[in-house]
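Letter by letter, the chains look like this.
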Amino acid sequence: MSSYLVTGASRGLGFEFVRKLAIDPNNTVIGLVRNKAAADTKATAEGLRNVHMVEAQYTDFSSLKNAAETVKKITGGSLDYLINNAAVVSHISGYKTFEDFDDDFETIEKDLWESLEINLLGVIKTVQAFIPLIRKGKAKKVLAISTGMADLDLINATEIDFAAPYAISKGALNVAIAKYNALYKKEGILFLAVSPGYVTTERNQEEVSPEDAEKAAVLVTKFIEYAPHFKRPLTPEESISAVLSVLHKASIANGDGGAFISHLGTKQWL
Ligand SMILES: NC(=O)c1ccc[n+]([C@@H]2O[C@H](COP(=O)([O-])OP(=O)(O)OC[C@H]3O[C@@H](n4cnc5c(N)ncnc54)[C@H](OP(=O)(O)O)[C@@H]3O)[C@@H](O)[C@H]2O)c1
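Residues numbered from 1 in each chain as written. Predicted model: local features only at pLDDT ≥ 70, side-chain atom pairs only at ≥ 80, totals over all residues. Heavy atoms only, no water.

A. Spotlight on the overall build of the protein chain. From N to C terminus, the protein chain includes eight helices and seven strands. Taken over the C-alpha trace, the protein chain has a radius of gyration of 18 Å; the compact-globule value for 270 residues is 18 Å, and the two agree within 12%. Projected onto the principal axes, the alpha-carbon positions of the protein chain cover approximately 50 × 40 × 35 Å. Across the 270 residues that make up the protein chain, the buried fraction comes to 49%. Taking contacts inside the protein chain between residues at least 6 apart in sequence as the whole, the part at least 24 apart equals 76%. Accessible surface for the protein chain amounts to roughly 13100 Å². Of this, 54% is attributable to carbon and sulfur atoms. Computing the positive centroid from 29 side-chain charges and the negative centroid from 33, the protein chain places the two 13 Å apart. (Helix = DSSP H or I, 4+ residues; strand = E, 2+ residues; numbered from the N terminus. Rg over C-alpha atoms; globule rule 2.2 N^0.38 Å. Buried < 20%, exposed > 50% of the residue type's maximum accessible area, 1.4 Å probe, protein only. Contact = heavy atoms within 4.5 Å. Areas by Shrake-Rupley, 256 points an atom, 1.4 Å probe, with all protein chains shown as cover. Lys, Arg positive; Asp, Glu negative; His and termini not counted. Charge placed at Lys NZ, Arg CZ, Asp CG, Glu CD.)

Structure below.
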């Protein structure tokens, strides 16, 4: 029996983690969400039983500490796996380059700070709040969901020049995971950053402007050039099965501590 906590469990890949993990009735699955009532309604509608939705704000350390107290009561004082999945994907710079903002540095600065606040500091605060429970867990594994869009070789090879604040925040997250590995490896706690691949979730099915749709098509063309085998985005089910397999296989003994790898367990992002 294992206990899992998944952040950003309300929708997308976070909800898929929860759904998939809850299939095993021996697992204790906890979803961290910003709106518990809505998440409970969705979980019930999907027929999920052994899932506990707990509310927290990733910007607020005391709210995360309170959530850790709630989780402590649910699990009996420990946590095996912490999966940091929640992230903001900017609508402002998603398909814009630095140059597109021209002299509007205020907008780009605001956008970058928001990306860092959720995607980097939100994870750091969550780790700090839950590390006492992880220390008492059996598996002792902390995962951060990153993105291949933060891989320097991919950026340089594809020349994907938009969505810089998002990529910067995830690049910084990868460094934070390596720093946590440097700090906690000696205690036997595995830290790992994994990209889930390119996945169809509600987010990338949202209606976008014709200009952004054009950029999205450019993105797919660049993906195909970079990885000629790439045919289509993964389904959440395919992606999360692969990510969980990487997570379960990874170990400090195998040299995986602090690594930044894909859902394939390699540096192949697509
Ligand atoms: N989908 C892909 O192709 C892809 C590719 C590479 C990496 N990823 C990564 O995979 C993870 C999940 O992505 P997804 O596609 O499932 O995204 P999603 O559908 O947009 O879901 C994002 C989750 O993060 C939470 N979140 C969003 N903005 C937030 C904010 N400002 N403050 C706190 N929580 C916030 C959301 O909670 P609320 O419901 O409360 O807003 C939601 O649960 C992310 O880390 C993303 O960067 C995805």
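B. Broad picture of the side chain of Ser-115. Topologically, Ser-115 is positioned in helix 4 (residues 105-135). Every residue in contact with Ser-115, bar those within four places of it in the chain, is listed here: Val-88, Leu-120, Pro-165, Tyr-166 and Ser-169.

C. Geometry of the site of the ligand. Neighbouring residues of the ligand: 24 residues in total, closest Ser-10, Leu-13, Arg-34, Asn-85 and Tyr-166. In the environment of the ligand, an oxygen atom lies 2.9 Å from a nitrogen or oxygen atom belonging to the backbone of Gly-8. Within the backbone of Val-199, an N or O atom sits 2.8 Å from an oxygen atom of the ligand. Out of a free accessible area of 890 Å², the ligand has 91% covered by protein chains. Sorting the residues of the shell around the ligand by element identifies helix 1 (12-21) and helix 6 (164-184) as the ones contributing at least two each. Here the residues of the shell around the ligand are counted per class, giving eleven nonpolar, nine polar and four charged. (Near = heavy atom within 4 Å. Polar contact = N/O pair within 3.5 Å; in protein donor to acceptor, adjacent residues only side chain to side chain. Nonpolar A, V, L, I, M, F, W, Y, C, P; charged D, E, K, R; others polar.)

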